[in-house]
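Analysis of the macromolecular model
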Amino acid sequence: EFVDDGLIVVEDGAIVAVAKDADQIKAALAAHRPQDVVELAETEFLAPGMVDCHVHAPQYAYSGTATDKPLMEWLQHYTFPAEKRCVDVDYAKTLYGALVDRLLMQGTTCVALYATIHVPATNALVDICLEKGLRAVVGKVCMDRHGGDGYEETTAKALEGTRACLDYIRKAQPGASGLSRLVQPCVIPRFIPTCTPELLAGLGAIAREADDVWVQSHASEAPDQVKFVETLHPGKRCTEIFESHGLLTDKCVMAHCVYLEDGELDTFARRGAGVACCPLSNAIFSLSPGWHAFPFHKAHAKGVRVGMGTDIAGGYAASILVACRHAAVASKHDMDAKDVDYKDAFWAATLGGARALGLDAVLGNFEVGKQFDAVRINCEAGNYDTFPSAIHPCCPSRLEHDFEKFVNLGDDRNIASVYVQGKRRR
């Protein structure tokens, strides 16, 4: 929805009124008498904060490189050694601080984060998100088999560390609970190949112990990963395995899901589980002859909650706008599927992402009662020209013209300010 002349009234971080025409604006101002009124220029607009449903925080150090190997080889050669370095908490703090700053700079106001197997570094990531004001779902990664040299743990240690991190996240936010928390606790079985059935069962039990525990993992991601799962669990697929261990919940988001079968999509919809569509890393690691992209519209039609993810560092760009563009381009290569346009992609990067993470009651759009997570866009501050005098007659308004240009051409230079829970974070 595009509103050319509107007003949003925010009190204590929450949206208390939305006006969409001159009469409504006048009434809202009279009713709420806001102390500070921020007026946007003609070259600016306000959009919901962007939601990144899949980021590996420790991999940010090598984002933009390491695009030369298939997934399972890539993990052993690049990923596990990089993540192993986070045993050094000072190193992890420096890395995570830079990542959180970068995400906010890109207009990301909510993110689903993977840490590493290390409890102290995971807790440091939580602290940094709270300090800098980035809304996040954060968890300690768990893997008790097929890790890199020195980068796996026992089942017992993985479960113990997970409980410790969940408790830390809760205690770090006194007075906040449920969706009012800035950082939500999460269990993370990395993916089926690195988790024994015993570990999956244990994490599923932890996820069921309380209603404030999220789940993140990867499912049906790449050809070599799918084959590996088949060798470990003959006749079974990722969806069935996760579901049988109680991990496919309405607070679960699974990354990639390129190779999910129709019946698996139905299971996701029935369970209320979300998908983080990661079109850039999918193009690098996941596609094979006959497979073009995650079935965005099919999944949506089945009732699956679909959000967008950058998948740092499998996806080399930190901006969710880049993911939006790759989603649109990838859909063009599937002649049997409806195109994903810029509006579809941006929806997945905002309200769709909030739904995929089970957070749409508090963010994703500008509805009364939701928290004010927003980005202020300056259309004239980027690396492109708007040419308002050249707007095509079929375009309904300058706002829609500027919005499409921003989604397709914009970057952090266009992000004038960022708000999370009503507070300016950038």
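Residues numbered from 1 in each chain as written. Predicted model: local features only at pLDDT ≥ 70, side-chain atom pairs only at ≥ 80, totals over all residues. Heavy atoms only, no water.

Re the overall build of the protein chain
As a reminder, the rule being used: Counting from the N terminus, the helices are DSSP H or I runs at least four residues long and the strands are E runs at least two residues long. The globule rule used for comparison is 2.2 Å times the number of residues to the exponent 0.38, while the radius of gyration itself is calculated over C-alpha atoms. The buried label goes to any residue with under 20% of its type's maximum accessible area, the exposed label to any with over 50%, and the partly exposed label to all in between, with areas taken from a 1.4 Å probe on protein chains only.
What the protein chain contains, in helices and strands, is 15 helices and 14 strands. Over its C-alpha trace the protein chain gives a radius of gyration of 21 Å, about what one expects of a compact globule, namely 22 Å for 426 residues. Considering only C-alpha atoms, the protein chain reaches an extent of 65 × 50 × 40 Å along its principal axes. Residue burial in the protein chain is summarised as follows: out of 426 residues, 56% are buried.

Some remarks on the pairing of strand S6 (residues 135-142)
Note the cut-off: Think of it this way: DSSP has to see at least two bridges between two strands before they count as a pair. Orient the strands so they point away from the viewer, and a crossover whose first-strand-to-second-strand path over the helix runs clockwise is right-handed.
With eight of its eight residues buried, S6 lies for the most part within the structure. Sheet analysis places strand S5 (residues 108-114) next to S6, joined by five bridges and oriented parallel. Note on S6: the bridge partner recorded for valine 111 is alanine 136. Regarding the hand of the β-α-β motif, the stretch spanning S5, helix H4 (residues 119-132) and S6 is right-handed. Of the strand pairs in this sheet, S6 and strand S7 (residues 183-189) are connected by seven bridges, and their pairing is parallel. Counterpart to alanine 136 in the pairing with S7 is valine 183.

Focus on the sheet that holds strand S11 (residues 305-308)
As a reminder, the rule being used: Between the N-to-C directions of two axes lies an angle of 0 to 180 degrees, each axis being a line fitted to C-alpha atoms and, for a helix, fitted only over the stretch in contact. Should any heavy atoms of two residues lie within 4.5 Å, those residues are counted as being in contact.
Spatial ordering of the open sheet is given by S4-S5-S6-S7-S8-S9-S10-S11, a layout of eight strands whose pairing is parallel. Each edge of the sheet is formed by a strand with only one pairing partner; in this case those strands are strand S4 (50-56) and S11. Neighbour to neighbour, the strand axes of the sheet diverge by 25° on average, direction disregarded. For strand S8 (residues 214-219) and strand S9 (residues 252-256), the ladder comprises five bridges, and the chain directions are parallel. Pairing of serine 217 across the sheet is with methionine 254, part of S9. Most of the contacts of helix H6 (residues 197-209) go to S7, to which it runs at about 160°, and overall it touches S6, S7 and S8.

What about the side chain of threonine 79?
Tracing the backbone shows threonine 79 in helix H2 (residues 71-84). With near-sequence residues (within four places) excluded, threonine 79 lies in contact with Gln59, Tyr62, Trp74 and Arg190.

Observations regarding the nonpolar core
Which entries qualify depends on this criterion: Grouping buried Ala, Val, Leu, Ile, Met, Phe, Trp, Tyr and Cys residues that are joined through side-chain atoms within 4.5 Å yields what is termed a nonpolar core.
With 122 residues, the main nonpolar core has Tyr96, Leu113, Val187, Phe268, Met308 and Phe406 as its most contacted residues. If you tally residues by element for this core, the top one is helix H3 (residues 89-105), at eight residues. Dropping the residues within four chain positions of it, methionine 308 is found in contact with Val51, Asp52, Cys53, Cys277, Pro279, Ile320, Ala323, Cys324, Ala327, Ala345, Ala348 and Ala349.

Regarding the sheet that holds strand S3 (residues 44-48)
What the four strands build is an open sheet, ordered S3-S12-S13-S14; its pairing is antiparallel. What marks the edges here is a single partner per strand, and that holds for S3 and strand S14 (423-424). Across the sheet, helix H15 (residues 398-409) is in contact with S3, strand S12 (374-378) and strand S13 (415-420); its angle to S3 comes to roughly 65°.

Some remarks on a negative patch on the surface
Spelled out, the test is: Patch definition: residues with relative accessible area over 30% and no salt bridge; like charges joined within 9 Å; nonpolar side chains (Val, Leu, Ile, Met, Phe, Trp, Tyr) joined within 5 Å. Using a 1.4 Å probe, accessible areas were evaluated by the Shrake-Rupley method; residue-level cover was limited to the displayed protein chains. Salt-bridge detection follows one rule: a side-chain nitrogen of Lys or Arg within 4 Å of a carboxyl oxygen of Asp or Glu. Neither His nor the chain termini are counted; the positive set is Lys and Arg, and the negative set is Asp and Glu. Taken as the charge centre is NZ of Lys, CZ of Arg, CG of Asp or CD of Glu, depending on the residue.
On the surface, Asp4, Asp5, Asp21 and Asp23 cluster together into a patch of negative charge. With respect to the helices, strands and loops of the structure, aspartate 23 is situated in helix H1 (residues 22-32). Take aspartate 23: its relative accessible area is 64%, and that puts it in the exposed class.

Overview of the pairing of S12
Summarising burial for S12: four of the five residues are buried, a large majority. For S3 and S12, the ladder comprises five bridges, and the chain directions are antiparallel. Following the sheet pairing, phenylalanine 45 is matched in S12 by isoleucine 377.

Comments concerning helix H12 (residues 320-332)
Selection criterion: Each residue after the first adds 1.5 Å to the expected span of a helix. Distance and chemistry together define a polar contact, namely a pair of N or O atoms within 3.5 Å, with one atom able to donate a hydrogen and the other to accept it when in protein, and with adjacent residues in sequence counting only for side-chain atoms on both sides.
An ideal rise of 1.5 Å per residue puts 18 Å on 13 residues; H12 measures up with 19 Å between its terminal C-alpha atoms. Here H12 has its buried residues at Ile320, Leu321, Val322, Ala323, Cys324, Ala327, Ala328, Ala330 and Ser331. Of the surrounding secondary structure, the elements contacted by the buried residues of H12 are S4, helix H10 (279-286), S11, helix H13 (342-348) and H15. Here H12 starts with a cap whose side-chain oxygen sits 3.1 Å from the backbone nitrogen of leucine 321, and that cap is serine 319.

A word on helix H9 (residues 262-271)
How we decide: As used here, the arc belongs to the directions running from the helix axis to the C-beta atoms.
Along H9, the positions that sit buried rather than exposed are Glu264, Leu265, Thr267 and Phe268. The buried residues of H9 occupy an angular sector of 155° when the element is viewed end-on, so they sit on one face. Tucked inside the fold, the buried residues of H9 contact helix H8 (238-244), S9, strand S10 (274-277) and helix H11 (296-301). Backbone geometry just after H9 places glycine 272 at a positive phi near 75°.

Re the pattern of salt bridges
Overall, the coordinates contain 23 salt bridges when judged by the stated rule. Measuring nitrogen to oxygen at the nearest pair gives 2.7 Å for the salt bridge that ties arginine 190 to glutamate 83. Remark: glutamate 83 occurs in helix H2 and arginine 190 occurs in the loop between S7 and H6; sequence separation between them is 107 residues. Taken individually, arginine 190 and glutamate 83 each receive the classification buried, so the pair is uniform in this respect.

Some details on unusual backbone geometry
Between isoleucine 312 and the following residue, alanine 313, the backbone shows a cis peptide bond with an omega angle of 5°. In this structure, aspartate 12 is a non-glycine residue whose phi angle is positive, near 50°. One can find aspartate 12 in the loop between strand S1 (7-11) and strand S2 (14-19). The residue alanine 66 is not glycine, and still its phi comes out positive at about 60°.

Observations regarding the state of the cysteines
Definition in use: Here, the term disulfide refers to a pair of cysteine sulfur atoms separated by no more than 2.5 Å.
Overall, the coordinates contain zero disulfides when judged by the stated rule. Take cysteine 86: it sits in no disulfide, and the sulfur closest to it among the cysteines is that of cysteine 165, at 13 Å.

Focus on the environment of phenylalanine 366
Residue position: phenylalanine 366 is located in the loop between helix H14 (351-356) and S12. Along the chain, phenylalanine 366 and alanine 390 lie 24 residues apart, while their C-alpha atoms are 30 Å from each other. Contacts of phenylalanine 366, omitting those with residues within four sequence positions, involve Ile8, Ile15, Val18, Leu46, Ala47, Pro48, Phe372, Asp373 and Ala374.

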